[in-house]
Amino acid sequence: MTGKICGTGSCVPKGVWDNRKLMELVDTSDQWIRERTGVARRHIAEKGETTASLASQAALFALENAGIKAEQVDLIITATVSPGELMPSVSCLVQKKLGAVNATCFDLNAACTGFLFALNTAQAYLAQGIYKTALVIGAEVLSNLTNWKDRSTCILFGDGAGAVVVSAQETGKFVQITHSVGEKGDVLTCTCRNQKIYEKRADAPETYMQMDGREIFQFAVSRVPEAIEELLKREQMNIGQIAHFVLHQANERIVRSVARRLNAEQDKFPTNMEEFGNTSSASIPVLLDELNRKGMLKRGEYIVFSGFGAGLSYGASLMEW
Ligand code: COA
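Residues numbered from 1 in each chain as written. Predicted model: local features only at pLDDT ≥ 70, side-chain atom pairs only at ≥ 80, totals over all residues. Heavy atoms only, no water.

S.K.: What am I meant to see in the sheet that holds strand β1 (residues 2–11) here?
M.R.: One key point about sheets: their strands pair by backbone hydrogen bonds, in either a parallel or an antiparallel sense. Taken together, the 5 strands give an open sheet; going across it, the order is β1-β7-β6-β4-β5, and neighbouring strands pair in mixed fashion. In this open sheet, the two strands that pair with only one neighbour each are β1 and β5 (104–108). Ignoring strand direction, the axes of neighbouring strands in this sheet form an average angle of 20 degrees. Of the strand pairs in this sheet, strand β4 (residues 75–79) and strand β6 (residues 133–140) are connected by 5 bridges, and their pairing is parallel. Note on β6: the bridge partner recorded for I77 is V136. Strands β1, β6 and β7 (160–169) of the sheet are contacted by helix α3 (residues 51–66), whose axis makes an angle of about 125 degrees with β1. (Pairing = 2+ DSSP bridges. Helix = DSSP H or I, 4+ residues; strand = E, 2+ residues; numbered from the N terminus. Axes fitted to C-alpha atoms, helices over the stretch in contact; angles between N-to-C directions. Contact = heavy atoms within 4.5 Å.)

S.K.: Would you mind going over the site of the ligand with me for this structure?
M.R.: Neighbouring the ligand are 23 residues; T28, R36, G213, R214 and N251 lie closest to it. Here W32 contributes a side-chain N or O atom positioned 3.4 Å from a nitrogen atom of the ligand. Within the complex, 74% of the 960 Å² of free accessible area of the ligand lies under protein. The pocket occupied by the ligand, as judged from atoms lying within 2 Å of grid points, is the largest pocket. Those elements that provide at least two residues to the shell around the ligand are α2 (30–37), α6 (151–154), α8 (213–234) and β12 (302–309). Broken down by element, the residue count for the shell around the ligand peaks at 4 residues, all from α8. Residue composition of the shell around the ligand, by class: 10 nonpolar, 8 polar and 5 charged. (Near = heavy atom within 4 Å. Polar contact = N/O pair within 3.5 Å; in protein donor to acceptor, adjacent residues only side chain to side chain. Areas by Shrake-Rupley, 256 points an atom, 1.4 Å probe, with all protein chains shown as cover. 1 Å grid on protein atoms, 1.4 Å probe; cavity = no way out; pocket = protein on both sides within 12 Å on 5 of 7 lines; lining within 4 Å. Sits in = over half its atoms within 2 Å of the grid points. Nonpolar A, V, L, I, M, F, W, Y, C, P; charged D, E, K, R; others polar.)

S.K.: For this particular structure, what's the right way to read the layout of surface pockets?
M.R.: Empty space among the atoms becomes visible once a probe the size of a water molecule is rolled across them. Its volume calculated, the largest pocket comes out at about 640 Å³. Contributions of two or more residues to the lining of the largest pocket are made by α2, α6, α8, α9 (252–261) and β12. At 5 residues, α8 tops the list of elements feeding residues into the lining of the largest pocket. By residue class, the composition of the lining of the largest pocket is 12 nonpolar, 10 polar and 6 charged. Shared between two domains, the lining of the largest pocket takes at least three residues from each, and those domains are domain 1 (2–171) and domain 2 (175–320). As a volume, the second largest pocket reaches approximately 540 Å³. (Points joined across faces, edges and corners; volume = space filled by probe spheres on them. Domains from an automatic or database assignment.)

S.K.: Is there a simple way to explain helix α11 (residues 283–293) in this structure?
M.R.: In an α-helix, one turn spans 3.6 residues, which is why side chains three or four residues apart end up on the same side. Among the 11 residues of α11, 9 are classified as buried, and the element is accordingly described as predominantly covered. Listed in full, the buried residues belonging to α11 are S283, I284, P285, V286, L287, L288, D289, L291 and N292. Looking one or two residues beyond α11, the residue adopting positive phi is G295, at roughly 75 degrees. (Buried < 20%, exposed > 50% of the residue type's maximum accessible area, 1.4 Å probe, protein only.)

S.K.: Please clarify how the packing of α8 against α9 should be interpreted in this entry.
M.R.: When two helices pack together, their arrangement is given by the angle between their axes and by how far apart the axes lie. Interhelical geometry of α8 versus α9 gives an angle of 40 degrees and a closest axis separation of 9 Å. Here α9 runs oblique to α8, going by the angle between their axes. Both α8 and α9 take part in a crossing whose hand is right-handed. Contact residues: F217, A220, V221, S222, V224, P225, I228 and E229 in α8; R253, I254, S257, V258 and R261 in α9. (Parallel < 35°, antiparallel > 145°, perpendicular 65-115°, else oblique. Left-handed = near helix turned anticlockwise from the far one by under 90°.)

S.K.: Looking at this model, I keep getting lost on the sheet that holds β12. Mind explaining?
M.R.: Across the sheet, 4 strands lie side by side as β8-β13-β12-β11; this open sheet has mixed pairing. Strands at the two margins of the open sheet, each flanked by one partner only, are β8 (174–180) and β11 (242–247). Across the sheet, the axes of successive neighbouring strands diverge by a mean angle of 10 degrees, strand direction being ignored. Helix α5 (residues 114–127) contacts β8, β12 and β13 (313–320) of the sheet and is inclined by roughly 130 degrees relative to β8. Taken strand by strand, α8 contacts β8, β11, β12 and β13, and its axis lies near 40 degrees from that of β13.

S.K.: Mind showing me how you'd approach the pairing of β13 here?
M.R.: Along a regular strand, successive side chains alternate from one face of the sheet to the other. In terms of burial, β13 is a largely internal element, 8 of the 8 residues being buried. Residues S313, G315, S317 and M319 of β13 are buried on one face, and the alternating residues Y314, A316, L318 and E320, pointing to the opposite face, are buried as well. Alignment of β8 against β13, held across 7 bridges, turns out to be antiparallel. The partner of I177 across the bridge, within β13, is A316.

S.K.: Sorry, what's going on with the domain arrangement of the protein here?
M.R.: Accessible area lost upon the coming together of the parts is a frequently used measure of interface size. When the domains of the protein are assigned, the result is domain 1 (2–171) and domain 2 (175–320). Taken over C-alpha atoms, the centre of domain 1 sits 14 Å from the centre of domain 2. Counting from both sides, the interface comprises 57 residues of domain 1 and, opposite them, 47 residues of domain 2. Counting each side, the surface lost to burial between domain 1 and domain 2 is near 4,100 Å², with a carbon and sulfur contribution of 58%. Interface area lost by domain 1 to domain 2 is led by C112, L116 and L145, which between them contribute 15%. Where domain 1 touches domain 2, the interface holds 3 salt bridges. The shortest N-O distance in the salt bridge between R34 and E274 comes to 3.9 Å. For the pair domain 1 and domain 2, the number of links is 25 residue pairs in polar contact (both at pLDDT 80 or more). (Buried area = accessible area lost by both parts, 1.4 Å probe. Salt bridge = Lys/Arg side-chain N within 4 Å of Asp/Glu carboxyl O.)

Structure (structure tokens):
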């Protein structure tokens, strides 16, 4: 059995912060942010918009798109690094909101690679015949982890959620490659805004996201093409057979560089960080939903997903749409 994506959905907060808004917070410019990252706007959660509420709405849209009832879902996995609370899991909150009473629910943290790892995990359950219908969600309210006084990070991130319904089918293809490099973990960190340290030292920089941007940039532009090439080589496939490369939306220059390194056509690498910034585990499913709703995905085409992020971690998956 193989899991096929039969529905997609996404939900972002209503509030939009453009680059001009960030110029009120830190010493930066619209031109610098656009040129170095490709980001023009990001959606930022307001009171009442939580990781679980965005995830639930994205999941609801995905179920509607798939024509599947919440009771038919038997697995919910949410990838997130920014749950509103440590317990219960975002997935259990989504279950409650949707009435997906038959689902087994848990969350997974692989930072910006989270959606990819969650999709792979769901696929493994479906391939084994353990579950038949999974909801895989990437959801973040990164604005809670962002240091709005740090111009080297705050310009990049945004909030949002994306979801897919994956159902077990007799035919289809899904293969994946993943890697983790714990040794390099200290180049992208956040100690935790929910723990005691936060109460004691609310402004301690280490409780916000901190990163070595250049190191991550180099990591991404070398490891992502390597992972994609490794996967295609193993499957005896070539770049020309892939219709779309749906990459984690961290930085437009990273996506363009990956395409160049693979000698692939740039227009096979859609981007939407201009509108949403880097939404971590939500970025791949939000982009996929956009492509799906625009009718850009055709059944039988091959799509490569690739993510990278804190851990460090990275990987690539290939799926028949
Ligand atoms: N506005 C204006 N200037 C800024 C700035 C900002 N927001 N942030 C940094 N600068 C300045 C720096 O101080 C530096 O000035 P200097 O040359 O006088 O020292 C200059 O711009 C260049 O800084 P640098 O950090 O080398 O820029 P960069 O080209 O590497 O771009 C990132 C910085 C963060 C955009 C880029 O490294 C990046 O996107 N890395 C990947 C991060 C990522 O994807 N993280 C999430 C992974 S999932």
